[in-house]
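Now for the letters of each chain:
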Amino acid sequence: VHFWLFLGMYLAALLGNSLIIIAIACDQRLHTPMYFFLLNLSVLDLCSISTTVPKSMTNSLWDTKAISFQGCAAQVFLFAFFLGAEYCLLTVMAYDRYVAICKPLHYGALLGSRACVQMAAAAWSSAFLNALLHTANTFSLPLCQGHVLDQFFCEIPQILKLSCLDAYLREVGLLVVSACLVFGCFVFIVVSYVEIFRAVLRIPSAQRRHKAFSTCLPHLTVVSLFVTTSVFVYMKPPFLSSFSLDLMVAIWYSVIPALLNPLIYSMRNQELRDAL
């Protein structure tokens, strides 16, 4: 059951994100900043779900629960990297929507092809450095509580449960620093959307207001889904932790976004539907 359930979700995510990538790459009308960032988001979703689900499916099929130490470290690094890059990219996408709606006459100057590539590269590189820092620190900790993780993939909170208390506090300090950066991005997104909504409400035409809202709603939905689940996983107090709750939340933030993002973006986007 585990194998077939995960296989179905993985193939659906693979199909949905691949279709978006192919449509954006092949259709000249979609060679704009918004769709460039959406293509990057689909690539990150594919990479993120491919980091965790195939290994879990393989273990289910062969009736094993083992993963090597090196494999676990690679999984932690790649998952943290893709997750961090996705959050940074969602912040950049909020800026794209802000410029498109609040400063439309400057859109071409502020978001030229070079600027878009630089912002995407900054999102990927900052996430790479953050993931490298956390992975190196997490796997340098001595494990005093055994080697059994109550999760279907290797993630930092579960590994911290196995570490000694003094070492655990050292990694928690790093997580707090990362949380401050995440909070900064979140504030930027919120401020961007406050300005967007103020600009949209001043538009006299109801049709244009609806079109402006429709371009923002998918991004806002994805951000809300991503932020709420990630914050709950990494910031929840220990007394809320249980195997079933941790498993459901982990599936929700590691598998479901890659599955839903193509649907969220394609359902309300006429240009993307036409290209598909």
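Model, not experiment: these values are computed from the prediction.

Attention now goes to the overall build of the protein. Looking only at helices and strands, the protein features 11 helices and zero strands. The linear arrangement of helices and strands in the protein, starting from the amino end, is α-α-α-α-α-α-α-α-α-α-α. For a compact globule of 276 residues, the expected C-alpha radius of gyration is about 19 Å, and the protein comes in at 20 Å, within 12% of that figure. Expressed along its principal axes, the backbone C-alpha trace of the protein runs to roughly 65 × 40 × 35 Å. Of all 276 residues assigned to the protein, the portion counted as buried reaches 46%. Counting 16 positive and 13 negative side-chain charges, the protein places the averaged centre of each group 11 Å from the other.

In this structure the tally under the stated criterion is three salt bridges. Salt-bridge contacts for Asp-96 lead to Arg-97; the nearest nitrogen and oxygen are separated by 3.0 Å. No difference in accessibility class separates Asp-96 from Arg-97, as the two residues are buried.

Quick look at helix α1 (residues 2-26) now. Here α1 is 25 residues long and its end C-alpha atoms lie 36 Å apart, about the 36 Å a rise of 1.5 Å per residue gives. Buried residues of α1: Phe-3, Phe-6, Leu-7, Met-9, Tyr-10, Ala-13, Gly-16, Asn-17, Ile-20, Ile-21, Ala-23 and Ile-24, and no others.

This paragraph deals with the packing of helix α2 (residues 33-61) against helix α3 (residues 69-102). Where α2 meets α3, the closest approach of the two axes is 9 Å, and the angle between their N-to-C directions is 160°. One finds that α2 runs roughly antiparallel with respect to α3. Crossing of α2 over α3 shows left-handed handedness. Residue composition of the contact of α2 with α3, by class: 15 nonpolar, five polar and five charged.

Here we come to the UniProt feature "transmembrane region" (unreviewed entry) in the protein. The feature "transmembrane region" (unreviewed entry), as given by UniProt, occupies residues 6-26, 33-53, 73-95, 107-133, 172-194, 215-235 and 247-265 in the numbering adopted here. As annotated, residues 247-265 has a helix share of 95% and a strand share of 0%, and its two end C-alpha atoms lie 27 Å apart.

Moving on: the side chain of Thr-138. Along the polypeptide, Thr-138 turns up in helix α5 (residues 113-138). A distance of 2.7 Å separates a polar atom in the side chain of Thr-138 from the backbone oxygen of His-134.

Position of Tyr-253 among the secondary structure elements: in helix α9 (residues 243-254). Assessed through its relative accessible area of 3%, Tyr-253 is described here as buried. Placed 230 residues apart in sequence, Tyr-253 and Ala-23 show a C-alpha to C-alpha distance of 26 Å.

This next bit is on the environment of Leu-143. In this structure, Leu-143 sits in the loop between α5 and α6 (156-160). Take Leu-143: its relative accessible area is 30%, and that puts it in the partly exposed class. Between the alpha carbons of Leu-143 and His-219 there is a distance of 40 Å; along the sequence they are 76 residues apart. Beyond its immediate sequence surroundings of up to four residues, Leu-143 is in contact with Ile-159, Leu-162 and Ser-163.

So, how was this worked out
- Residues numbered from 1 in each chain as written.
- Predicted model: local features only at pLDDT ≥ 70, side-chain atom pairs only at ≥ 80, totals over all residues.
- Heavy atoms only, no water.
- Helix = DSSP H or I, 4+ residues; strand = E, 2+ residues; numbered from the N terminus.
- Rg over C-alpha atoms; globule rule 2.2 N^0.38 Å.
- Buried < 20%, exposed > 50% of the residue type's maximum accessible area, 1.4 Å probe, protein only.
- Lys, Arg positive; Asp, Glu negative; His and termini not counted.
- Charge placed at Lys NZ, Arg CZ, Asp CG, Glu CD.
- Salt bridge = Lys/Arg side-chain N within 4 Å of Asp/Glu carboxyl O.
- Expected span 1.5 Å × (residues − 1).
- Axes fitted to C-alpha atoms, helices over the stretch in contact; angles between N-to-C directions.
- Parallel < 35°, antiparallel > 145°, perpendicular 65-115°, else oblique.
- Left-handed = near helix turned anticlockwise from the far one by under 90°.
- Nonpolar A, V, L, I, M, F, W, Y, C, P; charged D, E, K, R; others polar.
- UniProt positions renumbered as here; feature names shortened; annotations may be inferred.
- Polar contact = N/O pair within 3.5 Å; in protein donor to acceptor, adjacent residues only side chain to side chain.
- Contact = heavy atoms within 4.5 Å.

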